[in-house]
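Inside the fold
Below, each chain spelled out in residue letters.
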Amino acid sequence: MAAFGVGVPDEIARLSLGQGSVSPDATPPNMKSDGVVAVDITARFSDAVKTLEPGAVVKDGFFTLFDSVSALEIMDPKMDSGCTGTEAEVEELYDVSRPLLPEEVLGIMDQLLCHEMSWHLGYPLSQTLFTSFYVEALSMPDPRSIQEATFIRGGNHDPNEQPMLRVLRAYCLGMLKCCGYVNERIKAEHYYEEEDFVTNTYNRTLLANLPTDAIRDVLVETMATLKSQRGSVPDDLAEALLLRLKLRHILLDAVECPKHMKEPDLAKRPWREGLAVLRGLDETHSLASPVDEAFSAKLQRKLASTMPPRPIVRLGFDAAFGHLKGLFHDGLELINVLHYTNSQCLLTFVSAFQRKKPQPIVYVRTLLQTFLFDAMEILGSMSIRQLLDDDFSILTMPAHQYLDRANDEIEAIQDVRHDMAQQMELFRTRAAHPFLDILRTTCQNRCRVRRTLSHLLRDWESLQLDAEEIDQILQVKVQEQPTMHRLLTGSPGVECYSLPLSSWTYLYKLRHMEQIIQLGFEQEIYQADELAGMYWYLNYVSKSRLHHAERVKSFIIKGVEEARGQPGSPNPSVEAQLQRSLAYTRLSLLDAAVTWELSDALSCLYTVLNRLKLIKAPPRPYSTDEFRYELRMRPFAPIGLPVLPTFEEFTEGTLQPDTEIDELLQYAERAVEGAKRNLEAMSGMTAEQSFSVGSHSLWVASVKNGLKSCIAANIAISAVLKALQTAESPDNLGITVDVPAPQKAYHEWWIVPRILS
């Protein structure tokens, strides 16, 4: 005890200074002494405690936090890694020099592989690889040379010459070196400690001082020795051991693939070779004989750690093999990002790759960050300016005078081209960080993507103000003439300026807003009765993006007409940029229209289900509709445009009290049909038309899942209409509603209810 009430006598407080836990069978200490007078303080203690108010806590001023934690830990088997019940448990011995059978070595290798994949999944080394006696013997003390890296140090080294121990030693050397590379790669990039990965090595170096080539030589030499001894080892076991040694050699090459960043085909080679080896690895696992005594949780007491001992993480071989196979598949696919086509293809690749189910493990995600940002270069060969200018030219500024590289050579300050160069460089400086953060954020785990985008949204709001200011400065400098633009069909035209930089910024801001809402559906943030309102707000934002995309399209078409109206044949480069921008505008319009129509349909459908009381809200004694609205809209509250709807507008748009149920369902049917037509048009696009070069199969799969969601929504709407037509009373329709979890829906962003009769 370390805390007492006000007024508790000092002798009571001093009772807390006794450290350690006492066994109920322990003999009480001898309190008889000439210098000690024992006093029963039980009654005084009880009376003092009664003076405390509920929740009131007071501790002795000299009893520190360190003392209290120590009192809990020392001699408590659950907290104290050095606490043992008997002397025999003080040191659990395992002889790492004992002879091993081939099947036992195979079993230890597969157990180590399971522990390695557990580490990749986020468990610490203390509960995985560092529970192996062989790993402990090999890495402590830290070997200074490859000759020192043996299981038995000093004295007679004959045990190290046992063939099976040499095989296991080579495997462990390759494994630890590979883990060292993985650990350093993850630490060099952006990740979330304890949430994604634990990089703590507990004062172990993971063989950082040993050269990789020396370990490769050991692996090659051991494989050659094993091949020469096939007569003494059964062929199937020898082949299984060779496969595992080969896997370690391949993984060493794979984790070094960033050095081949400019040679994608060379970087792919180890990942491709690894996939070829994996089948044999799985087939030969049945030959292995586990050696459980070669692993112990008590090895944790030798680690430099303040954490209490924890049990060993035991991942099954089938699960570990599945994660290893996923690692090689994702690693091979990841290299495709090095084939740069344009900025939008890059963004599509990163987004589609990170949205895979299951999501790639943290090492693959940090490897992607390395390819994207290493040494302040994009994909190892591009500057940030090149990437930004490419994106400007696709979205809002195809073949634009602002992006002419010749402007940089103008030194005359009175020349308008000098002003263009200066202002564009200023905008690139301000836009680089939020733009690159899109890529870096997408590389995080899915929960962090939504949280980080919510913060990043404020940066884009600030950038839009800067963009508007620079647009106005350049508009005056170049004496841009306004264009008549109709906001609505049949409405009178208004004078509009192109504002290419603020248009570019606003388009990204709207996309971020949509993604934040959609990730909320994916992560089950919204309750079933809130889906109608959140799909309504998604519809509200996507409508703004559709109108903005139409505005951008009008200025791009104007640029195309002006370019083709100039005398002489059009420049092929200019024509290619214009056509590329038009293709992206068409894709953007289709995508915004799909989001608008499908979200509108689902909002109407959920509104009907809420009105018919087929979806029941959970009890919320401490919440109101307005409080929940403020919570859901918190990421968008700082945004000036599009204007955040008030709670009254949100409620009106969600409930639609003036519209009958039949009208809502019929409108939802038409909206679903429109979304379906647009998705069918998108599914037929090529990789170039859809700006998904390198990830076209993933992009098409997402589009087809959206198409399935449309079909499911149509079925649900028809079922509700049929139930309304055949039921005697709206209060007894004879149907129930099942709202699926995102992972059970056709698309995690489109949660279509199932109507059950």
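In this report, we go over the structure that sits alongside the text. (Residues numbered from 1 in each chain as written. Predicted model: local features only at pLDDT ≥ 70, side-chain atom pairs only at ≥ 80, totals over all residues. Heavy atoms only, no water.)

1. Observations concerning the overall build of the protein
A count of helices and strands for the protein gives 22 helices and 6 strands. The buried share among the 757 residues of the protein stands at 51%. Excluding contacts between residues fewer than 6 apart, the proportion of contacts in the protein whose partners are at least 24 apart in sequence is 78%. (Helix = DSSP H or I, 4+ residues; strand = E, 2+ residues; numbered from the N terminus. Buried < 20%, exposed > 50% of the residue type's maximum accessible area, 1.4 Å probe, protein only. Contact = heavy atoms within 4.5 Å.)

2. Let's talk about unusual backbone geometry
Met140 connects to Pro141 through a cis peptide bond whose omega is -5°. Lys357 connects to Pro358 through a cis peptide bond whose omega is -5°. Tracing the backbone through its elements, the reader meets Pro358 in the loop between helix 11 (343-354) and helix 12 (362-373). Phi is positive for Met376, close to 60°, though the residue is something other than glycine. Mapped onto the elements of the fold, Met376 is located in the loop between helix 12 and helix 13 (384-395). Among the residues examined, Met376 registers a relative accessible area of 65% and is labelled exposed. Its identity as a non-glycine residue notwithstanding, Phe691 has a phi of 55°, on the positive side.

3. Describing the environment of Ala240
Counting through the fold element by element, Ala240 comes out in helix 8 (residues 235-254). Separated by 45 residues in sequence, Ala240 and His285 have C-alpha atoms that sit 8.1 Å apart. Those residues in contact with Ala240 that sit more than four places away from it in its chain are Leu106 and Thr284.

4. Thoughts on the layout of surface pockets
Its volume calculated, the largest pocket comes out at about 990 Å³. Taken together, 37 residues make up the lining of the largest pocket; nearest its centre are Pro398, Ala399, His400, Gln401 and Gly559. Mapped by element, the contributors of at least two residues to the lining of the largest pocket are helix 13, helix 16 (500-522), helix 17 (531-565) and helix 18 (572-611). Of all the elements, helix 17 adds the most residues to the lining of the largest pocket, at 8 residues. Along the lines of polarity and charge, the residues of the lining of the largest pocket split into 15 nonpolar, 14 polar and 8 charged. (1 Å grid on protein atoms, 1.4 Å probe; cavity = no way out; pocket = protein on both sides within 12 Å on 5 of 7 lines; lining within 4 Å. Points joined across faces, edges and corners; volume = space filled by probe spheres on them. Nonpolar A, V, L, I, M, F, W, Y, C, P; charged D, E, K, R; others polar.)

5. A closer look at empty space enclosed by the protein
All chains considered together, the criterion is met by 6 cavities of 30 Å³ or more. If you add up the space inside the largest cavity, you get close to 880 Å³. Forming the walls of the largest cavity are 32 residues, and the residues nearest its centre are Ser351, Arg355, Arg511, Asp591 and Trp749.

6. Quick word on the packing of aromatic side chains
Evaluation of the coordinates by the stated rule reveals 27 aromatic pairs. Look at Phe392 and Phe427: their rings are 5.8 Å apart centre to centre, the planes differ by 40°, and that puts the pair in the tilted class. Taken together, the positions of Phe392 in helix 13 and Phe427 in helix 14 (residues 416-442) put the pair 35 residues apart, joining distant regions of the chain. Note on accessibility: Phe392 and Phe427 belong to one class, buried. The lysine or arginine in question, Arg248, covers the ring of Tyr171, its NZ or CZ lying 5.2 Å from the ring centre. (Phe/Tyr/Trp six-rings, centres within 6.5 Å; stacked < 30°, edge-to-face > 60°. Lys NZ or Arg CZ within 6 Å of the ring centre and 35° of its normal.)

7. A few points about the packing of helix 13 against helix 14
Contact pair helix 13 / helix 14: the axes reach a minimum separation of 10 Å and the direction vectors enclose 90°. In terms of orientation, helix 13 and helix 14 fall into the roughly perpendicular class. Touching Ile384, Arg385, Leu387, Leu388, Asp389, Asp391 and Phe392 of helix 13 are Met424, Glu425, Phe427, Arg428, Ala432, Phe435, Leu436 and Leu439, all from helix 14. Split into classes, the residues belonging to the contact of helix 13 with helix 14 amount to 10 nonpolar, no polar and 5 charged. (Axes fitted to C-alpha atoms, helices over the stretch in contact; angles between N-to-C directions. Parallel < 35°, antiparallel > 145°, perpendicular 65-115°, else oblique.)

8. Looking at the side chain of Asp389
Note that Asp389 resides in helix 13. Sequence-distant contacts of Asp389, that is, excluding residues within four places in its chain, are made with Leu403, Arg405 and Arg428.

9. So, a negative patch on the surface
Among the surface-exposed residues, Glu626, Glu630, Glu648 and Glu649 lie close enough to one another that they form a single negatively charged patch. Sorting the residues of the negative patch by element identifies helix 19 (625-632) and helix 20 (647-655) as the ones contributing at least two each. Tracing the chain through its elements places Glu630 in helix 19. (Patch = residues over 30% accessible without salt bridge, like charges linked within 9 Å, V, L, I, M, F, W, Y side chains within 5 Å. Areas by Shrake-Rupley, 256 points an atom, 1.4 Å probe, with all protein chains shown as cover. Salt bridge = Lys/Arg side-chain N within 4 Å of Asp/Glu carboxyl O. Lys, Arg positive; Asp, Glu negative; His and termini not counted. Charge placed at Lys NZ, Arg CZ, Asp CG, Glu CD.)

10. Notes on the packing of helix 12 against helix 14
It is at 9 Å that the axes of helix 12 and helix 14 come closest, and there the two elements cross at 155°. In this view, helix 12 runs roughly antiparallel relative to helix 14, as classed from their interaxial angle. Considering the relative orientation of helix 12 and helix 14, their crossing is right-handed. In contact with Gln369, Leu372 and Phe373 of helix 12, helix 14 contributes Leu436, Leu439 and Arg440. For the contact of helix 12 with helix 14, the class distribution of residues is 4 nonpolar, 1 polar and 1 charged. (Left-handed = near helix turned anticlockwise from the far one by under 90°.)

11. Quick notes on the pattern of salt bridges
In total, this model carries 33 salt bridges according to the counting rule given. Residue Glu522 is joined to Arg446 by a salt bridge in which the shortest nitrogen-to-oxygen separation is 3.1 Å. Of the two residues, Glu522 sits in helix 16 while Arg446 sits in helix 15 (residues 446-477), which places them 76 residues apart along the sequence. Of the two residues, Glu522 and Arg446, both sit in the buried class. Through salt bridges that share partners, Asp213, Arg216, Asp253, Glu256 and Lys259 make up one connected network.

12. Considerations on the side chain of Ser709
Residue position: Ser709 is located in helix 22 (residues 696-726). Classification of Ser709 as buried rests on a relative accessible area of 1%. Filtering out sequence-adjacent residues up to four positions away, Ser709 remains in contact with Tyr746, His747, Trp750 and Val752.

13. Structural notes on helix 9 (residues 264-283)
Taking 1.5 Å per residue, 20 residues should reach 28 Å; helix 9 reaches 31 Å between its end C-alpha atoms and fits that length. In helix 9, a bend of some 30° at Val277 exceeds every other bend along the element. When we look at burial in helix 9, the residues that qualify are Pro264, Ala267, Lys268, Pro270, Trp271, Gly274, Val277, Leu278, Gly280 and Leu281. For helix 9, the elements touching its buried residues are helix 4 (102-120), helix 8, helix 10 (317-334) and helix 12. (Expected span 1.5 Å × (residues − 1). Bend = angle between axes of the 7 residues up to and from the residue.)

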